[in-house]
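Structural overview for review
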Amino acid sequence: MHRGVRWAIAVAGVGVSLSLAALLRRHLASEPRATVAIAPVSDAGSTDAGSMPVEDPEDPRTLEPSRLGRVHVRTLDPWGLRPVPGITVALVSEGRPRRLHPEQLKTDAQGMASFPKVRAGLFTVCAKGPRHIETCQMNLELSPESSHTVELSMTERSTAAGR
């Protein structure tokens, strides 16, 4: 493959990743919601359908168990030694279109958040806290009726207190 084509593909990939991170950051900045009002989504007439996540028109929590898996997220300090509680976690499926999972959860005292009903397939998990930089892990594969555990290392924002 020509070097210029590879460069263009890499730049496009970074652009899509940054767009996904911006959308998740906006959703993580708000308080977690117990339920989400879901409106039908249509890709008709869109030339770039699926590039930005949409709210899932088919709530994964109501799908057949044979199409779902479980995702457990554990947030840890940068050294992986201590759990970090109070971190907001969100999931996005990487299918077409990308679907934002209807729940956002906060990690408990052990740094855990569990999504018991997640649509099987590729997904991205992102976590952000009031004092922590957003951290994402992309292209995680979840099989139907399986369980996947993701550990995210959370980095604290620097403060101006010591300056």
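Now for a look at the structure at hand. (Residues numbered from 1 in each chain as written. Predicted model: local features only at pLDDT ≥ 70, side-chain atom pairs only at ≥ 80, totals over all residues. Heavy atoms only, no water.)

**Focus on the overall build of the protein**
Quick note on the threshold: The helix count covers DSSP runs of H or I at least four residues long, the strand count covers runs of E at least two residues long, and both are numbered beginning at the N terminus. Whether two residues are in contact is decided by their heavy atoms: any pair within 4.5 Å suffices.
Helix and strand counts for the protein stand at 1 helix and 9 strands. Considering only contacts in the protein between residues 6 or more positions apart, those separated by 24 or more positions represent 65%.

**Focus on the sheet that holds strand E6 (residues 112-119)**
The following threshold applies: Strands were regarded as paired on the criterion that DSSP finds at least two bridges between them. To get an axis, fit a line to the C-alpha atoms, keeping to the stretch in contact for a helix; angles then go from 0 to 180 degrees between the N-to-C directions.
With respect to topology, 3 strands assemble into an open sheet ordered E6-E2-E9, the strand pairing being mixed. The sheet terminates laterally at E6 and strand E9 (147-153), the two strands that pair on one side only. For this sheet the average axis-to-axis angle between neighbouring strands, irrespective of direction, equals 20°. Judged from the 7 bridges that link them, strand E2 (residues 68-76) and E9 form a sheet pairing that is parallel. Counterpart to His72 in the pairing with E9 is Thr149.

**A closer look at the nonpolar core**
This is how the line gets drawn: We call a set of buried Ala, Val, Leu, Ile, Met, Phe, Trp, Tyr and Cys residues a nonpolar core when their side-chain atoms join them within 4.5 Å. The cut-offs for exposure are 20% and 50% of the maximum accessible area for each residue type, with area from a 1.4 Å probe on protein chains only; residues under the lower value are buried, those over the upper are exposed, and the others partly exposed.
Core analysis: the largest hydrophobic core is formed by 18 residues, its most contacted members being Val71, Phe115 and Val125. Counting residues per element, the ones that place at least two in this core are E2, strand E3 (88-93), E6, strand E7 (121-129), strand E8 (132-142) and E9. The contacts of Phe115, once residues within four sequence positions are left out, are Gly69, Arg70, Val71, Val73, Val89, Leu91, His101, Glu103 and Leu105.

**A look at the state of the cysteines**
The condition is simple: In what follows, a disulfide is any cysteine sulfur pair within 2.5 Å.
Counted according to the given criterion, the structure contains 1 disulfide. The disulfide that involves Cys126 links it to Cys136, with 1.9 Å between the sulfurs. Judged by the sign of its S-S torsion, about 115°, the cystine formed by Cys126 and Cys136 is right-handed. In this pair, Cys126 sits in strand E7 while Cys136 sits in strand E8, placing the two residues 10 residues apart along the sequence.

**A look at the side chain of Thr88**
Just so we agree on the cut-off: Any pair of nitrogen or oxygen atoms within 3.5 Å is treated as a polar contact; in protein, a donor-acceptor pairing is required on top of that, and neighbouring residues in sequence qualify only through side-chain atoms on both sides.
With respect to the secondary-structure elements, Thr88 resides in strand E3. Thr88 gets classed as buried once you look at its relative accessible area, which sits at 4%. A distance of 3.5 Å separates a polar atom in the side chain of Thr88 from a polar atom in the side chain of Lys106.

**A closer look at the pattern of salt bridges**
Operational definition: For this analysis, a salt bridge means a side-chain nitrogen from Lys or Arg found within 4 Å of a carboxyl oxygen belonging to Asp or Glu.
According to the stated counting rule, one finds 2 salt bridges in the structure shown. In this structure, Arg74 engages Glu151 in a salt bridge whose closest nitrogen and oxygen atoms are separated by 3.8 Å. In this pair, Arg74 sits in strand E2 while Glu151 sits in strand E9, placing the two residues 77 residues apart along the sequence. A salt bridge links Arg82 to Asp77; the nearest nitrogen and oxygen atoms lie 3.5 Å apart. Under the relative-accessibility criterion, Arg82 is labelled exposed at 57%. By relative accessible area, Asp77 is classed as buried at 7%.

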